[in-house]
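Residue strings, one per chain:
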There are 2 protein chains.
Amino acid sequence: MTIYDISEKAGVSIATVSRVLNGSGSVSEKTRKKVLDVISRYEYTPNAFARGLGLNTMKTIGILCADSSDLYLAKAVYYIEQKLRANGYDSILCCTGYDPLDKAAAVSLLIHKKVDALILAGSNFIYENDADNQYVADAAAQLPLMLLNAALDTPNVYSVISDDFTSMYEATLQMISGGIRDIVYFYNSASYSGKKKLAGYLAAMKEKQLLNEAEFVQFYQGSHEDIPAMTAHLKKLHDEGIRFHGVIASDDTLALAAVKYAKLMGYSVPDEFCVLGYNNSILVNCCDPELTSIDNKLETLCQHLINTLMGVLSGKEMPKKTVFSGEIIRRGTTQ
Amino acid sequence: MTIYDISEKAGVSIATVSRVLNGSGSVSEKTRKKVLDVISRYEYTPNAFARGLGLNTMKTIGILCADSSDLYLAKAVYYIEQKLRANGYDSILCCTGYDPLDKAAAVSLLIHKKVDALILAGSNFIYENDADNQYVADAAAQLPLMLLNAALDTPNVYSVISDDFTSMYEATLQMISGGIRDIVYFYNSASYSGKKKLAGYLAAMKEKQLLNEAEFVQFYQGSHEDIPAMTAHLKKLHDEGIRFHGVIASDDTLALAAVKYAKLMGYSVPDEFCVLGYNNSILVNCCDPELTSIDNKLETLCQHLINTLMGVLSGKEMPKKTVFSGEIIRRGTTQ
C-alpha cells in the first residue's frame, strides 16, 4: 500500500497524508482521523510509504555497534553490511560508544529514521540488570531487533550467539590438563558474552578444585587498544606477590599483553607460561610464538543473523535464538 | 524548494512530479519537460525533495570504503561516522571491495539513494589512469564528493590528504643515516597514496645514490591479513640471494611481517636490521621491539574532511585540497 492508495481511499491529497504522517502542518482533526483510519485498516507502514513514493531510501537496516574500529566489531560490521547488501538492503551505521544512555539514544534515533530493523552488534548492548534492557524491549515493540552474540527473551528480538561459556570452559580445562594450575582470567568487558566467558573459566577451575582467588580474576579498565597498559596491569599483579603461569583472556589484545608479560618475566612460552586469546583476530600472528585463540565463527554468526532477519522481514516464523559452537585454534602459546 | 513548489509551479500533481523524478510510471513527454524545466530553473535537488516531504530520511552521507575491517579503514569509518553524527548526519556505509567495477557500481547505487554527499574513504578509489577516475567525476556532477587521502582535480571533489611522499622520504633518509643502505620497500597497494609513499622512498634512495634495484621494490599480492604469507615473501627474497637489512613498509601489517623475518634470520633489531611501518595502528605494540611507524593523523584528516563537507553543504566556498603532515613515531625497530 502506497501513499497514493491512502490518499485515494481517504479522499484527501497526498500532501495531506504526508503532513499527517509527519505530524507537521495544519490538518483538521477530522481529516487526520480519516487518514489514520485508512492507515490502520490497511496496515500501512511508513516504509511502504517511502517505497511507494519510489524514493528508494528505505530497505535500510540500522547497524549499531559501540566502536566500529574495535577489531571484532569492525569484522562484524563488515560481514553484516556485505550480507545485507547482497540482499538488497542498505546499512545505516551508528557507532554509539559504550555509555548506556548513548546506546538507548542511538536506538531511538534510528527508529525515528524509519529503518526496517535494527542490528545490535556485540554483546555489550545487553546488561545484567533486566531493567537496563528495557530500551531493547521498547525498540522491539516497533521493529524487529537482531542481537549479535547476545540474547534477550523478549518478543520480536532474535539472537545469534556463539557458545562462549563452553568455549572458555573447554579451553580452561585444556590449559589445566597441560599442567598449568595458576591461571589468571584477564578481561575488560562485563557484557552478556563477557559474563559467559568468565563463567566458563570459573566452572572449569571449580571442577578441577583449583582455588579461585579473587586476585586471579582480573578486570582491566583502560583503553581497549593500549597493550602496554595491559602488560603493566599484569606486571603490577606480579609485584603485589600474585604468581601465575597462565592467562586466559577475553580477547586477543589482552592475550597479546600476557605474551609480552611472559617475555618481560623471562618465562618460556608455552613451556612455563601459557596464554589463550579470544576472537582469532589478526593479532594471533603478531606475537612470537603465535597465539592460541578461540574462533567464535563470526562470519557464520553474521550470515545466520542476516538469513534470520530476511526471514523475519518476509513474514516467516524464524528461530528466536541460534547458538553456534566456537573452536579452539591451537598455536604456539599453549601446550 | 520542495516537491510541493515544483508541483505548483509546473501545474501538475505531486504524484506526477514524483513519477518524473523517479523515471517511473507513464508521464507524457510534454509534462515531463514541464517538470524538468521547473527543476532546472530553480536548481531543485532530490535531497530538498525528501526534506520537503519531511520524511526525515535524508541528512544522510554515503561512506564508501573497500573493506571496513581493514585496520586503517575501520578507524576512518569510525571517525567519519562519529563526526557526521555530531553534525546531525546519518551515515550509509557501503563496503565495495577492491574491484573497480564494484566501486563504480556502489557509487551509482548510493547516488540513486539520494544521499547528500559521498565520502570515498581510502586512496584506492583513485587510479593512475585518468580515464579510470571518470566514475568519480561523473558522481561529482551530481553531488559533493569527499576524498580521504586521495586527490582528483575535478569540480565538486574535495580532498583531505596526508603528505605520504614527504613522510616516506624523510623516514627513508633517517634509516639511511642510521647506517642501513640495503632497504627493501614492501607494499601491497598501488593506490594514490601507495604511489606517493613509493615515490618518497625512491626519491630518498636516489638522493643518497643508493642503487634502486628492481628487486628492492617488493609488491605483495596476497591477503591483507596474512602476516605469515608476508614473512614468507621476504624469506623467499632472501632465498633468491637478495640481501637486505632494512624494510620500509606501506603499512604496519607488512612491517610486522618484516620484524618476524628479522627474527627468523637471527638479525638483531634495530642493530642489524631496521623496520618502519605506516599508520601507527594497534599493531605497533604487538611486536618486540615495538614498531616505529608513521602517524598519518587520520583523526585530524577525518575531522577536517567533515568540516569541509559541512561547509560545502551549507554553500560556503571551501578549499579543494588540504594537506596535513605525517609524523614519524620512533620506537624500537629503528635507530
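Refer to the preceding data block for the structure.
If you're wondering where the values come from, they're calculated on a predicted model, not measured in any experiment. (Residues numbered from 1 in each chain as written. Chains lettered and ligands numbered in written order. Predicted model: local features only at pLDDT ≥ 70, side-chain atom pairs only at ≥ 80, totals over all residues. Heavy atoms only, no water.)

**Side note on the overall build of chain A**
- Looking only at helices and strands, one finds 12 helices and 12 strands in chain A.
- With respect to the principal axes defined by its C-alpha atoms, chain A has extents near 80 × 35 × 30 Å.
- Residues counted as buried form 57% of the 335 residues belonging to chain A.
- Surface exposure of chain A reaches about 13,400 Å², of which carbon and sulfur atoms provide 49%.
- On chain A, the mean spot of the 32 positive side-chain charges and the mean spot of the 38 negative ones are 8 Å from each other. (Helix = DSSP H or I, 4+ residues; strand = E, 2+ residues; numbered from the N terminus. Buried < 20%, exposed > 50% of the residue type's maximum accessible area, 1.4 Å probe, protein only. Areas by Shrake-Rupley, 256 points an atom, 1.4 Å probe, with all protein chains shown as cover. Lys, Arg positive; Asp, Glu negative; His and termini not counted. Charge placed at Lys NZ, Arg CZ, Asp CG, Glu CD.)

**Side note on the interface of chain A and chain B**
- Taken together, the 47 residues of chain A in the interface contact 48 residues of chain B.
- Counting the contacts that link chain A with chain B gives four salt bridges.
- Measuring nitrogen to oxygen at the nearest pair gives 3.2 Å for the salt bridge that ties K260 of chain A to E290 of chain B.
- Along the contact surface separating chain A from chain B lie 14 residue pairs in polar contact (both at pLDDT 80 or more).
- For the side of chain A that touches chain B, the secondary-structure elements that each account for two or more residues are α2 (14-22), α5 (71-86), β2 (90-95), α6 (100-112), α10 (227-239) and α11 (252-265) of chain A.
- Class assignment for the residues of the side of chain A that touches chain B results in 24 nonpolar, 12 polar and 11 charged.
- With three bridges connecting them, β2 of chain A and strand β2 (residues 90-95) of chain B associate as antiparallel partners. Bridged to I92 of chain A within β2 of chain B is I92 of chain B. (Contact = heavy atoms within 4.5 Å. Salt bridge = Lys/Arg side-chain N within 4 Å of Asp/Glu carboxyl O. Polar contact = N/O pair within 3.5 Å; in protein donor to acceptor, adjacent residues only side chain to side chain. Nonpolar A, V, L, I, M, F, W, Y, C, P; charged D, E, K, R; others polar. Pairing = 2+ DSSP bridges.)

**Observations regarding the pattern of salt bridges**
Residue and element names in this part refer to chain A.
- Inspection of the entire model under this criterion finds 17 salt bridges over all chains.
- For the salt bridge of K236 with E240, the shortest nitrogen-to-oxygen distance reads 3.1 Å. Both residues of the pair, K236 and E240, count as exposed.

**Looking at the nonpolar core**
- F244, V247 and F273 of chain A together with F244, V247 and F273 of chain B are the most contacted members of the largest nonpolar core, which totals 95 residues.
- Dropping the residues within four chain positions of it, F273 of chain B is found in contact with F244, H245, G246, V247, A258, Y261, A262, Y267, S268 and T333 of chain B.
- With 61 residues, the next largest nonpolar core counts Y158 of chain A together with I63, A76 and L84 of chain B among its residues. (Core = buried A, V, L, I, M, F, W, Y, C linked by side-chain atoms within 4.5 Å.)

**Focus: the environment of A117 of chain A**
Residues and elements named next belong to chain A.
- Here A117 shows up in strand β3 (residues 117-121).
- As a C-alpha pair, A117 and V312 span 195 residues in sequence and 9.7 Å in three-dimensional space.
- With near-sequence residues (within four places) excluded, A117 lies in contact with T60, I61, G62, L143, P144 and L309.

**What about the relation of the copies chain A and chain B?**
- Relative to chain B, chain A is turned by 179 degrees and slid 0.2 Å along the rotation axis, the superposed coordinates differing by an RMSD of 0.8 Å. Viewed as a symmetry operation, the transformation between the two copies matches a two-fold axis. Residue I92 of chain A, judged by its C-alpha, is the member of chain A lying nearest the rotation axis, at 2.5 Å. (Least-squares fit on C-alpha atoms with pLDDT ≥ 70 in both.)

**Remarks on the packing of α5 of chain A against helix α12 (residues 298-313) of chain A**
All names here are of chain A.
- Two elements in contact, α5 and α12, have axes separated by 9 Å at closest approach and are oriented at 40 degrees. Between α5 and α12, the crossing angle belongs to the class labelled oblique. Two packed elements cross with a definite hand, and for α5 against α12 that hand is right-handed. Contact residues: Y72, K75, A76, Y79, I80, K83 and L84 in α5; L298, E299, C302, Q303, I306, L309 and M310 in α12.
- Considering only residue class, the contact of α5 with α12 consists of 10 nonpolar, one polar and three charged. (Axes fitted to C-alpha atoms, helices over the stretch in contact; angles between N-to-C directions. Parallel < 35°, antiparallel > 145°, perpendicular 65-115°, else oblique. Left-handed = near helix turned anticlockwise from the far one by under 90°.)

**Digging into the packing of helix α10 (residues 227-239) of chain B against helix α11 (residues 252-265) of chain B**
Residue and element names in this part refer to chain B.
- At a closest axis distance of 8 Å, the pairing of α10 and α11 adopts a crossing angle of 55 degrees. Relative to α11, α10 is oriented oblique. In this structure, α10 meets α11 at a crossing whose hand is right-handed. Contacts from I227, M230, T231, L234, K235 and H238 in α10 reach T253, L254, L256, A257, A258, K260, Y261, L264 and M265 in α11.

**What to know about the environment of E81 of chain A**
- Relative to the helices and strands, E81 of chain A is located in helix α5.
- In the structure, E81 of chain A is positioned 11 residues away from I92 of chain A in sequence and 9.1 Å away in space, judged by C-alpha atoms.
- When neighbours within four sequence positions are excluded, E81 of chain A is seen to be in contact with I63 and S91 of chain A together with L93, C94 and C95 of chain B.

**Some remarks on the sheet that holds β3 of chain A**
- In spatial order, the strands read β11(A)-β5(A)-β4(A)-β3(A)-β1(A)-β2(A)-β2(B)-β1(B)-β3(B)-β4(B)-β5(B)-β11(B); together these 12 strands make up an open sheet with mixed pairing. Here the strands that pair on one side only, and so sit at the sheet edges, are β11 (321-324) of chain A together with β11 (321-324) of chain B. Neighbour-to-neighbour, the strand axes of this sheet turn through a mean angle of 20 degrees, independent of strand direction.
- Taken together, the four bridges between strand β4 (residues 145-148) of chain A and strand β5 (residues 157-162) of chain A define a ladder with parallel strand orientation. Looking across to β5 of chain A, one finds that M146 of chain A is bridged to Y158 of chain A.

**Some details on the sheet that holds strand β8 (residues 246-249) of chain B**
Residues and elements named next belong to chain B.
- Across the sheet, which stays open at both edges, the six strands sit in the order β7-β6-β8-β9-β10-β12 with mixed pairing between neighbours. Of all the strands in the sheet, the pair left with one neighbour each is β7 (217-219) and β12 (327-329). Taken over all neighbouring pairs, the strand axes of this sheet differ in orientation by 20 degrees on average, direction set aside.
- Both strand β9 (residues 274-278) and strand β10 (residues 292-295) contribute to a ladder of three bridges, which runs parallel. Residue pairing in the sheet places Y278 in a bridge with I294 of β10.

**Overview of the pairing of β8 of chain B**
Residue and element names in this part refer to chain B.
- Burial of the side chains of β8 extends over both faces: G246 and I248 are buried on one face and V247 and A249 on the other.
- Looking at chain direction, strand β6 (residues 183-187) and β8 are connected through four bridges and run parallel. When the bridges of β8 are listed, V184 appears paired with V247.
- The pairing of β8 with β9 spans three bridges and is classified as parallel. Among the inter-strand pairings, V247 is bridged to a residue of β9, identified as V275.
- With α11 bridging β8 and its parallel neighbour β9, the resulting β-α-β unit is right-handed. (Right-handed = clockwise from strand over helix to strand, strands pointing away.)

**Observations concerning the environment of P289 of chain A**
Residue and element names in this part refer to chain A.
- Relative to the elements of secondary structure, P289 occurs in the loop between β9 (274-278) and β10 (292-295).
- Between the C-alpha atom of P289 and that of D153, which follows or precedes it by 136 residues, the distance is 42 Å.
- Each residue touching P289, except ones within four places of it in the same chain, is listed here: V269, G332 and T333.

**Thoughts on the packing of aromatic side chains**
Residue and element names in this part refer to chain B.
- What the rule picks out here adds up to 22 aromatic pairs over all chains.
- Relative to Y79, the ring of Y78 has its centre 5.8 Å away and its plane inclined at 55 degrees; by these criteria the two rings are tilted.
- Exposure remark for Y79: the relative accessible area of 15% places this residue in the buried category.
- With a centroid separation of 6.3 Å and 70 degrees between ring planes, the pair formed by F186 and Y220 is classed as edge-to-face. A residue pair is termed long-range when its members are at least 10 positions apart, and F186 in strand β6 and Y220 in the loop between β7 and α10 qualify at 34 residues. (Phe/Tyr/Trp six-rings, centres within 6.5 Å; stacked < 30°, edge-to-face > 60°.)

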